[in-house]
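Structural characterization, general
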2 protein chains.
Amino acid sequence: MTNGRDMIPQKQIDRRIQEFVEACRAQGIKTTNQRMEILQELARSEQHPDAESLFLGVRKRLPSLSLDTVYRTLRLFEERGIITRVGSIKERARFDANTKRHHHFICTQCGLISDFYSETLDRLKPPSEVEAVGTTDTVYIELRGICNACQAQKRAQS
Amino acid sequence: MTNGRDMIPQKQIDRRIQEFVEACRAQGIKTTNQRMEILQELARSEQHPDAESLFLGVRKRLPSLSLDTVYRTLRLFEERGIITRVGSIKERARFDANTKRHHHFICTQCGLISDFYSETLDRLKPPSEVEAVGTTDTVYIELRGICNACQAQKRAQS
DNA sequence: GTGCCTGCAAACCCTTTGCACTTTA
DNA sequence: TAAAGTGCAAAGGGTTTGCAGGCAC
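Rules behind the numbers
- Residues numbered from 1 in each chain as written.
- Chains lettered and ligands numbered in written order.
- Predicted model: local features only at pLDDT ≥ 70, side-chain atom pairs only at ≥ 80, totals over all residues.
- Heavy atoms only, no water.
- Axes fitted to C-alpha atoms, helices over the stretch in contact; angles between N-to-C directions.
- Helix = DSSP H or I, 4+ residues; strand = E, 2+ residues; numbered from the N terminus.
- Parallel < 35°, antiparallel > 145°, perpendicular 65-115°, else oblique.
- Left-handed = near helix turned anticlockwise from the far one by under 90°.
- Contact = heavy atoms within 4.5 Å.
- Salt bridge = Lys/Arg side-chain N within 4 Å of Asp/Glu carboxyl O.
- Buried < 20%, exposed > 50% of the residue type's maximum accessible area, 1.4 Å probe, protein only.
- Least-squares fit on C-alpha atoms with pLDDT ≥ 70 in both.
- Near = heavy atom within 4 Å.
- Polar contact = N/O pair within 3.5 Å; in protein donor to acceptor, adjacent residues only side chain to side chain.
- Nonpolar A, V, L, I, M, F, W, Y, C, P; charged D, E, K, R; others polar.

A few points about the packing of helix α3 (residues 51–59) of chain B against helix α4 (residues 67–79) of chain B
All names here are of chain B. The interhelical angle for the contact between α3 and α4, taken along N-to-C directions, is 120 degrees, at an axis separation of 9 Å. Taken together, the axis directions place α3 and α4 in an arrangement best described as oblique. Here the hand of the crossing between α3 and α4 comes out right-handed. Residue-level inspection shows A51, E52, L54 and F55 of α3 in contact with α4, the latter providing L67, V70, Y71 and L74.

Laid out in structure tokens, this is it:
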């Protein structure tokens with residue numbers, strides 16, 4: 001592998017793998033070859049790859065790997081907080097006809113989406129260092145949490 | 001239809017429809033019954049509905065409506081800036097092994113995702129009015145724009 | 001009347017799942 | 001060796017598309 005701009009220092013990756021092995025021990029997850037390689041492939045990239053890219057990359061070293069193992073592994077890692085998913089919680093597409101500038105609160109439990117308005121957030125400027133990467137058109141902000149209804153329900157259950 | 005809490009004043013909807021008709025005239029889009037009804041259904045709701053909910057709602061008034069017309073209409077409206085989609089630009093899931101607190105810049109043209117760090121953004125607090133809806137766990141921020149490579153390419157073309 | 005729009009049905013793509021076999025601890 | 005993990009193939013769910021007829025302009 002060449003030292004292209006999408007490379008993370010090997011030292012950092014080793015530390016990440018070390019953390020991972022410990023996390024697995026602590027959580028009772030088996031540290032299989034497949035999982036190690038998938039995590040390493042992800043940790044090594046700065047491209048925020050999708051399941052298929054990871055699959056293609058890891059398969060060079062592990063030709064028997066199957067795509068569904070990649071999906072299963074990523075889901076497992078995400079559930080355990082070992083990795084994160086970029087962007088919104090994936091669900092079906094939802095739409096909005098509100099043309100006034102606004103932001104969303106999203107309940108991670110029931111999926112409620114609620115509009116709110118905030119001049120402070122509207123005025124938020126992207127940090128200048130981002131200019132090195134590109135020009136920002138919009139600052140998308142999403143508050144994620146638990147709505148009052150879901151909280152009340154939780155309290156009632158306990 | 002009852003006056004539940006998910007209702008938007010009819011006056012506001014009428015204004016929205018009026019805007020829509022004008023936008024269609026201006027852009028040379030036909031104002032069909034289906035489109036009017038779909039937009040009205042969306043404008044009337046505060047639930048940020050998905051394609052299927054809209055389909056079920058509109059079908060009460062337009063029984064011949066098909067689900068793919070709803071999809072086509074929503075896509076058209078979105079392209080023309082008449083409505084917006086909640087959450088990230090929908091594409092396949094992409095993952096991240098970076099465990100340091102960070103944010104993303106996303107190029108809306110090529111899909112590049114780039115990490116950046118900002119203490120200002122890390123410290124951002126949700127506006128207090130959101131407490132009326134629920135408790136915020138995380139503030140998700142995404143900068144959307146055009147990366148330098150895509151800009152250079154655009155310039156080269158013109 | 002012309003060309004955009006619609007409904008229908010089938011295709012599509014990403015992701016998930018059931019099952020039998022394999023591997024890890 | 002017991003339980004967890006894997007590969008395979010097939011299903012699943014949301015979304016898109018090709019086509020023939022229908023409708024707005």
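Observations concerning the pattern of salt bridges
Applying the stated criterion to the full structure yields 22 salt bridges over all chains. Notably, a salt bridge pairs B:E91 with B:R94, separated by 3.9 Å at the nearest N-O pair. On the accessibility criterion, B:E91 (40% relative accessible area) is partly exposed. Linked by salt bridges that have partners in common, A:R15, A:R16 and A:E19 make up one network.

Digging into the relation of the copies chain B and chain A
Aligned on chain A, chain B shows an RMSD of 0.2 Å; the corresponding rotation is 180 degrees and the shift along the axis is 0.0 Å. What the superposition gives is, in effect, a two-fold axis relating one chain to the other. Residues of chain B ranked by C-alpha distance from the rotation axis are headed by B:I141, positioned 2.3 Å from it.

Brief notes about the protein's contact with DNA strand D
Around DNA strand D sit 19 residues, and of these A:T32, A:R35, A:T69, A:R92 and B:Y71 come closest. Near the protein, meaning within 4 Å, the atoms of DNA strand D are sugar or phosphate in a fraction of 70%, with bases accounting for the rest. Within the contact set of DNA strand D, a base nitrogen lies 2.9 Å away from a side-chain nitrogen or oxygen of A:R72. B:T31 is positioned with one of its side-chain polar atoms (N or O) 2.9 Å from a phosphate oxygen of DNA strand D. Breaking the surface near DNA strand D down by element, the ones donating at least two residues are α2 (33–44) and α4 (67–79) of chain A together with α4 of chain B. For the surface near DNA strand D, the leading source of residues is α4(B), giving four residues. Class assignment for the residues of the surface near DNA strand D results in four nonpolar, six polar and nine charged.

Overview of the protein's contact with DNA strand C
The local shell around DNA strand C holds 20 residues, among which A:Y71, B:T32, B:D68, B:T69 and B:R92 are the closest. For DNA strand C, a phosphate oxygen lies 2.7 Å from a polar atom in the side chain of B:T32. Of all the secondary-structure elements, those providing two or more residues to the surface near DNA strand C are α4 of chain A together with α2 (33–44) and α4 of chain B. With four residues, α4(A) is the largest single contributor of residues to the surface near DNA strand C. Of the residues assigned to the surface near DNA strand C, the class counts are four nonpolar, six polar and ten charged.

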